[in-house]
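Below, each chain spelled out in residue letters.
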Amino acid sequence: NNYKVLVLLFVTLAVTVSLCFVKISTTNTIASFNINDYEVGQIADVTIKAIKTLPADYDNPIPIEKGEKVIRKGFPITEEGYAKLKKMSESPVYIDYRAFANSIIYHILMVVLFFFFFSKIYFKTNMIEFNELVTECVFYMIVFASVIFGSKLTYLSSPFALCAIIPGPLFVFLIAILFGQLNAVFFSIMISLAVLNASSYQLVPFLFVLASSFASSRLVRKIDRRTDMVFVSVLQAVLNAVFIIIFKIIFNGSFANGLGSIVGVILNGFFSGILCLGLLTPLELLLNTASVFRLMDLSDLNNPTMKKM
């Protein structure tokens, strides 16, 4: 009965897993740990073996043999061991399949959570339509991809700066207006968990997206005019600034060098509301659905159809 939904979820899972592979194959990780987690003299908390033989080269003149224990648990990391870790992490032929497998398991659990959220448990009286699921899956993949590729940029390497490019509020606005607040709340949880995985389990982007998305779903709950979205945009911008400042205080973020991230999330919140207005009408026509704005337009007595009646 739900073969279309199963196909949709399989495609979404395939795309997100492919993005995870791109991320892991371009990140300096070994055994699910970033090279920056290690330093010379540090007591290793895990034993790491080389899974491939790597010959010496000009940049890294130290050879590595397959099966060699590069570092040993409980022993300090030597300069040679650190150099080998660095060589492994930078090698294009070395892919951290353990981290990739972890991501696959994570997203399979996300599929299970998706089934739980969008089942008859919560939508007994009004079953969720397939076009709604397609829209949310597309938005989910865009959010996930934005974090994957955004984190590769040098000026967005900070978890606070990364928050500025995540289009969570925009998509939550659209879903809340088109499909209802319950959908928007569930979608907020889903994309927050997606951001957690895409950002290598950093808490700041996860908590920021969760807080700003919940706020977005609430702000558009009772609006009935398009002009109200301007006020919502300003309010979302203010809340984004409050959220990022609070997280900077909690996680000891720098305010001296972090003004750009604050300005970024303010612009993110404001333009999310403005872009929502621009995207709403095309999406209504494409999905054959009606937002509260469209219903208000149709109920206007100056509407040609109403005049004719």
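Given the structure is predicted, the values throughout are model-derived calculations rather than measurements.

**Student:** Please clarify how helix 6 (residues 168–179) should be interpreted in this entry.
**Tutor:** Three- or four-residue spacings in an α-helix give side chains the same orientation, since the helix completes a turn every 3.6 residues. For helix 6, built from 12 residues, the straight-helix expectation of 16 Å at 1.5 Å per residue is met to within 8% by its first-to-last C-alpha distance of 16 Å. Those residues of helix 6 lying buried are Gly168, Pro169, Leu170, Phe171, Val172, Phe173, Leu174, Ile175, Ala176, Ile177, Leu178 and Phe179.

**Student:** What is the right way to read the nonpolar core from this model?
**Tutor:** Where a protein is soluble and globular, its nonpolar side chains tend to be buried together. Ranked by internal contacts, the top residues of the largest apolar core, which has 65 residues, are Tyr140, Leu174, Phe187, Phe208, Val220 and Met229. Not counting residues up to four positions away in its chain, the partners in contact with Leu174 are Phe139, Phe179, Cys276, Leu279, Leu280 and Leu283. If you look at the next biggest cluster of nonpolar residues, it comprises 12 residues, including Ile48, Leu54, Ile71 and Leu85.

**Student:** Explain helix 9 (residues 228–250) to me, please; I cannot follow it from the model alone.
**Tutor:** With 23 residues, helix 9 extends 33 Å between its outermost C-alpha atoms, agreeing within 8% with the 33 Å of an ideal straight helix rising 1.5 Å per residue. Here helix 9 has its buried residues at Asp228, Met229, Val232, Ser233, Gln236, Ala237, Asn240, Ala241, Phe243, Ile244, Phe247 and Lys248. Positive backbone phi, at 55 degrees, marks Asn252, one or two positions downstream of helix 9.

**Student:** Mind showing me how you'd approach the packing of helix 6 against helix 8 (residues 203–219) here?
**Tutor:** A pair of packed helices can be characterised by two numbers: the angle between their axes and the separation between those axes. Packing of helix 6 against helix 8 brings their axes to within 8 Å, and their N-to-C directions diverge by 30 degrees. When the axis of helix 6 is compared with that of helix 8, the two are roughly parallel. In the packing of helix 6 onto helix 8, the handedness of the crossing is right-handed. Here helix 6 contributes Gly168, Pro169, Val172, Phe173 and Ala176 to the contact with helix 8, which in turn contributes Ser212, Ser213, Ser216 and Ser217. Of the residues that constitute the contact of helix 6 with helix 8, the class distribution is four nonpolar, five polar and no charged.

**Student:** Just checking my understanding: could you explain the packing of aromatic side chains for this structure?
**Tutor:** Pairs of aromatic rings are described using the distance from one ring centre to the other and the angle between the two planes. Following the criterion strictly, the structure yields six aromatic pairs and no others. For the pair Phe21 and Phe100, a centre-to-centre distance of 5.3 Å together with 75 degrees between the ring planes defines the contact as edge-to-face. Placement of the pair is Phe21 in helix 1 (residues 3–25) and Phe100 in helix 3 (residues 97–117), with a sequence separation of 79 residues. Among the residues examined, Phe21 registers a relative accessible area of 30% and is labelled partly exposed. We classify Phe100 as buried; its relative accessible area is 16%. Ring geometry for Phe139 versus Phe171: centroids 4.2 Å apart, planes at 10 degrees, classification stacked.

Reading the values: rules and limits
Residues numbered from 1 in each chain as written. Predicted model: local features only at pLDDT ≥ 70, side-chain atom pairs only at ≥ 80, totals over all residues. Heavy atoms only, no water. Helix = DSSP H or I, 4+ residues; strand = E, 2+ residues; numbered from the N terminus. Expected span 1.5 Å × (residues − 1). Buried < 20%, exposed > 50% of the residue type's maximum accessible area, 1.4 Å probe, protein only. Core = buried A, V, L, I, M, F, W, Y, C linked by side-chain atoms within 4.5 Å. Contact = heavy atoms within 4.5 Å. Axes fitted to C-alpha atoms, helices over the stretch in contact; angles between N-to-C directions. Parallel < 35°, antiparallel > 145°, perpendicular 65-115°, else oblique. Left-handed = near helix turned anticlockwise from the far one by under 90°. Nonpolar A, V, L, I, M, F, W, Y, C, P; charged D, E, K, R; others polar. Phe/Tyr/Trp six-rings, centres within 6.5 Å; stacked < 30°, edge-to-face > 60°.

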